[in-house]
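Residue strings, one per chain:
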Amino acid sequence: MNISKNLKYLRLMRICGRNLSDFSHPPHIAPAPQAGRRSCTLEQLKNRELIRVHGSEVVPFLQGLVTNDVTRLQHPEGPSSIYGLFLNKGGRVLYDTIIYRTNNPETYLLECDRDASSEFRRNLRMFRVRKQIDIDSVDDEYSPWVIFTKNGGDGELVHATHNLPELFVAADPRLSSLGTRVLAPTDISWAKLVKGFWQNSEVVATPATADNNYQLLRYKQGVGEGVQELPPGKCFPLEANADFLNGVSFNKGCYIGQELTARIHHSGVIRKRYMPIRLTAPLGSNHTVQSVAGANLGRVFGHAQNRGVALLRIEQVLNGQQELTVDGDRCYAERPEWWPRDVPSKRRVASIE
């Protein structure tokens, strides 16, 4: 019996390897000729992990759990990846993910926070019931990387052609300014990736530095990611800007947490959202953002150098003239450029508990 189980496991792992090497690649856009060589950054996302979900009922299984419409990945002309969130029954965010399609319609890869990988897989398995679904980490086989330009400039720049068939390359489904995701074998080096992408190209790849890395880029854009910045059970998907980041479908059927998400959306107002914050001093133990009068207006959930991402009250922070402080020092909230023009609304923000 044990031998039979081991053989089944080995067959599934071989299927996973073939699926990854045979990814359905999106069309790649070659960078336009430039007068001078332009640079971008290639960085391995060591805090992210890939989970393989495989089975004949994989689409309805995921469709009933995630905020986005997984069926879009089934269409030949559809996206190669989608952003989505897994919620609890109260409609609050548990885990963020990017779902990647493969050439096998019964296999999908889910990118998640490495620190929450075990809990994420446990949560998925809890909802399998009798469905024939296999859920495994492929962390020992493939790793996610990201290619981006400094300050999130020209998103098409990083859609360069490559000569490495074992890679899967897809633009970040949230924002073009967040660059391009690359799923590569774990044993591939930074140098080999660079050579495979930019040989005979006018684009120059550089390694990430303390002053130019993906985390800082996300903070400047105001995008939270992972359980440290999106603590499980602490915010609603629309507060995490899922509606602006192409992470929620309001036309699909039911999923866990859908009822409250739809109600908040149709109310037309949100009182809090994640947004970028600029610090003027190193952040101490107190991450609460306050007005000078002492009113609590939100909290910083991630920070690096003088940048951070915070969940803040929209009306008081952006429509008011209040000065903001965090840990006793001045700070500045910034309205993301990718927000729709009518946000924040001039209407009074509704209270949603």
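The paragraphs below set out a description of the structure included in this document.

Reading the values: rules and limits
- Residues numbered from 1 in each chain as written.
- Predicted model: local features only at pLDDT ≥ 70, side-chain atom pairs only at ≥ 80, totals over all residues.
- Heavy atoms only, no water.
- Helix = DSSP H or I, 4+ residues; strand = E, 2+ residues; numbered from the N terminus.
- Buried < 20%, exposed > 50% of the residue type's maximum accessible area, 1.4 Å probe, protein only.
- Contact = heavy atoms within 4.5 Å.
- 1 Å grid on protein atoms, 1.4 Å probe; cavity = no way out; pocket = protein on both sides within 12 Å on 5 of 7 lines; lining within 4 Å.
- Points joined across faces, edges and corners; volume = space filled by probe spheres on them.
- Nonpolar A, V, L, I, M, F, W, Y, C, P; charged D, E, K, R; others polar.
- Arc of directions from axis to C-beta.
- Phe/Tyr/Trp six-rings, centres within 6.5 Å; stacked < 30°, edge-to-face > 60°.
- Lys NZ or Arg CZ within 6 Å of the ring centre and 35° of its normal.
- Pairing = 2+ DSSP bridges.
- Polar contact = N/O pair within 3.5 Å; in protein donor to acceptor, adjacent residues only side chain to side chain.
- Axes fitted to C-alpha atoms, helices over the stretch in contact; angles between N-to-C directions.

Focus on the environment of Val223
Thinking step 1. Assignment of secondary structure puts Val223 in the loop between helix H5 (214-221) and helix H6 (226-229).
Thinking step 2. On the basis of relative accessibility, which here comes to 1%, the residue Val223 falls in the buried class.
Thinking step 3. For the pair Val223 and Pro276, spaced 53 residues apart in sequence, the C-alpha to C-alpha distance is 7.7 Å.
Thinking step 4. Excluding residues within four positions of it along the chain, Val223 makes contact with Arg174, Leu175, Leu178, Arg218, Glu229, Leu245, Val309 and Trp338.

With respect to the layout of surface pockets
Empty space among the atoms becomes apparent when a probe as large as a water molecule is rolled across them.
Thinking step 1. If you add up the space inside the second largest pocket, you get close to 240 Å³.
Thinking step 2. Lining the second largest pocket are 16 residues, with Asn47, Gln215, Arg218, Glu225 and Glu229 sitting closest to its centre.
Thinking step 3. Elements represented by at least two residues in the lining of the second largest pocket include exactly strand E1 (38-44), H5 and H6.
Thinking step 4. In terms of residues, the lining of the second largest pocket owes the most to one element, H5, which gives four residues.
Thinking step 5. The residue inventory of the lining of the second largest pocket, partitioned by class, reads three nonpolar, five polar and eight charged.

A short note on helix H4 (residues 190-198)
The α-helix advances 3.6 residues per turn, and as a result positions three or four apart in sequence lie on the same side.
Thinking step 1. Every buried residue of H4 is accounted for by Leu193, Val194, Gly196, Phe197 and Trp198. Taken end-on, H4 shows its buried residues confined to a sector of 165°, consistent with a single buried face. Exposed residues on H4 whose side chains face more than 90 degrees from its buried face are Ala191 and Lys195.
Thinking step 2. If you follow the buried residues of H4, they end up packed against E1, strand E7 (142-148), strand E8 (168-171), strand E9 (180-185) and strand E10 (203-207).

Some remarks on the packing of aromatic side chains
Thinking step 1. Scanning the entire structure with this criterion turns up six aromatic pairs.
Thinking step 2. Following the ring pairs from residue to residue traces out a cluster consisting of Phe86, Tyr95 and Phe120.
Thinking step 3. Here the guanidinium or amino end of Arg174 rests over the ring plane of Tyr83, the centre of that ring lying 5.5 Å away.
Thinking step 4. The ring of Phe301 has Arg299 sitting right over it, with the charged end atom 5.9 Å from the ring centre.

Some details on the pairing of strand E3 (residues 81-87)
Thinking step 1. The buried fraction of E3 is high, at seven of seven residues.
Thinking step 2. Pairing geometry for E3 and strand E4 (residues 93-101), over seven bridges, is antiparallel. The residue of E4 that forms the bridge with Leu85 is Asp96.
Thinking step 3. In this antiparallel pair of consecutive strands, E3 and E4, the connection spans five residues, and Gly91 shows a positive phi of 85°.

What to know about the side chain of Asn213
Thinking step 1. Topologically, Asn213 is positioned in the loop between E10 and H5.
Thinking step 2. In this structure Asn213 comes out as buried when scored by relative accessible area, which is 15%.
Thinking step 3. Within polar-contact distance, the side chain of Asn213 engages the backbone oxygen of Ala210 at 3.4 Å.
Thinking step 4. Among residues more than four places away in sequence, those in contact with Asn213 are Glu43, Phe148 and Ala208.

Considering the sheet that holds E1
Thinking step 1. Spatial ordering of the open sheet is given by E8-E9-E7-E1-E10, a layout of five strands whose pairing is mixed. Two strands bound the open sheet, and with one partner strand each, they are E8 and E10. In this sheet, adjacent strand axes meet at a mean angle of 25° when their direction is disregarded.
Thinking step 2. Relative to E10, E1 runs parallel, the two being bridged by five bridges. Paired with Cys40 across the strands is Ala205, a residue of E10.
Thinking step 3. Across the sheet, H4 lies against E1, E7, E8, E9 and E10, angled at about 165° from E10, the strand it touches most.

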